[in-house]
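Now for the letters of each chain:
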Amino acid sequence: MEKVKFIKKENGRAFYKLADHKVLTDKLIESLDWPANIKVLVFDFKPFAPKAGWISPKVSDKYPVRVIYYASGRDLPPSTGSKRQDGLELVPVKDLGAFRNVMESVLKKEYIRPIKRYVTAEFMKSSNEFMAKQLKKCRNLWLKKDGRNIGFLSTMSYKYGGKPGTLLAQIWIDAKLSPTLRRDAKAMVFRWLKKNIKNRMATGEHAKSVETQKFFASMGFKAGRYGVERRS
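Keep in mind that what you see is a predicted model, and the values were worked out from it rather than measured.

Can you help me understand the environment of F6 in this one?
Tracing the chain through its elements places F6 in strand β1 (residues 4-10). C-alpha separation for the pair F6 and G53, spaced 47 residues apart in sequence, amounts to 29 Å.

How do you make sense of the pattern of salt bridges when you look at a structure like this?
It is possible for side chains of opposite charge to pair when their charged atoms get near one another. Evaluated as defined, the whole model comprises 10 salt bridges. One salt bridge connects D33 with K9, and the closest N-O pair in it is separated by 3.3 Å. With D33 in the loop between α1 (26-30) and β3 (40-48) and K9 in strand β1, this pair connects stretches of sequence that are 24 residues apart. Among the salt bridges present, the one from E104 reaches R100, with a minimum N-O distance of 3.1 Å. With a gap of 4 residues between them, E104 and R100 both fall in helix α2 (residues 96-112), about one helical turn apart. Among the residues examined, R100 registers a relative accessible area of 29% and is labelled partly exposed.

Help me understand the sheet that holds strand β2 (residues 13-18) in this model?
Across the sheet, 10 strands lie side by side as β1-β2-β3-β10-β4-β9-β8-β7-β6-β5; this open sheet has mixed pairing. Of all strands in the sheet, those with a lone pairing partner are β1 and β5 (88-92), marking the two edges. Sheet twist, expressed as the mean angle between neighbouring strand axes with direction ignored, is 25°. Here strand β8 (residues 163-173) runs beside strand β9 (residues 200-206); their pairing, made up of 3 bridges, is parallel. When the bridges of β9 are listed, L167 appears paired with A202. Its contacts with the sheet place helix α4 (residues 179-196) against β5, β6 (139-145), β7 (148-160), β8 and β9, and it is angled at close to 45° to β5.

Rules and cut-offs
Throughout this description, residue numbers start from 1 for each chain and increase along the sequence as written. Residue-level local features of this predicted model are given only where pLDDT is at least 70; pairs of side-chain atoms are given and counted only at 80 or more, and the full residue set underlies all totals for whole chains, interfaces and linings. With hydrogens and water set aside, each side-chain value is computed from the structure's full complement of heavy atoms. Only DSSP runs of H or I reaching four residues or more are called helices, and only runs of E reaching two or more are called strands; each is numbered from the N terminus. Within this document, salt bridges are pairs made up of a side-chain nitrogen of Lys or Arg and a carboxyl oxygen of Asp or Glu, the two lying within 4 Å of each other. Burial status follows relative accessibility: with a 1.4 Å probe on protein chains alone, a residue under 20% of its type maximum counts as buried, one over 50% as exposed, and anything between as partly exposed. The criterion for strand pairing is that DSSP finds at least two bridges linking the strands in question. Fitted lines through C-alpha atoms serve as axes, helices being fitted only where they are in contact, and the angles separating the N-to-C directions of these axes extend from 0 to 180 degrees. Should any heavy atoms of two residues lie within 4.5 Å, those residues are considered in contact.

Below, the structure is given as structure tokens:
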């Protein structure tokens, strides 16, 4: 099988199929037709669970890469966290403005800041547009401990290959929590996803964001797609 196969161009993206996730390199990217109206090159490959909990394609910083992880509710393994829920709850967001402020703050401080040099202006633009236009369409939940916000969950319906899916826009659990409380909080989020989302779930994580990749891989998600941008 050839290393890469062109599939289609659609909505500013060009789609390809990779023979293996390991074949993505600068040389392969630069061998492809990439006109100015195509913002992202999308490379699908056979989904797999990274042994290290994350993957780092052999691509230079010239091309920022996001790794798309997938899972369905029935695919998620049994939760390994404890089943204690004392004082823990997931509750619907009532004040969207306050929720957006926290979500934007977390995104900038805990996700973007550690990998700032790899994040493109296009990603920031799309993130701002999402917050302004799409967040209100999401199912937004606060994760609380004895009434105090210690995390949140935001999901959104989408179509994947014509079939219904769920985008995990963002999941955050306060890193300052004790290891035990953080484990139990993660287990609560895990069980909620397993119970409430039966179709395919997806999340996109920068290849340089090791911790978020590990978070989703630990929940049974498998890597199955690259999204490659170019710097303007």
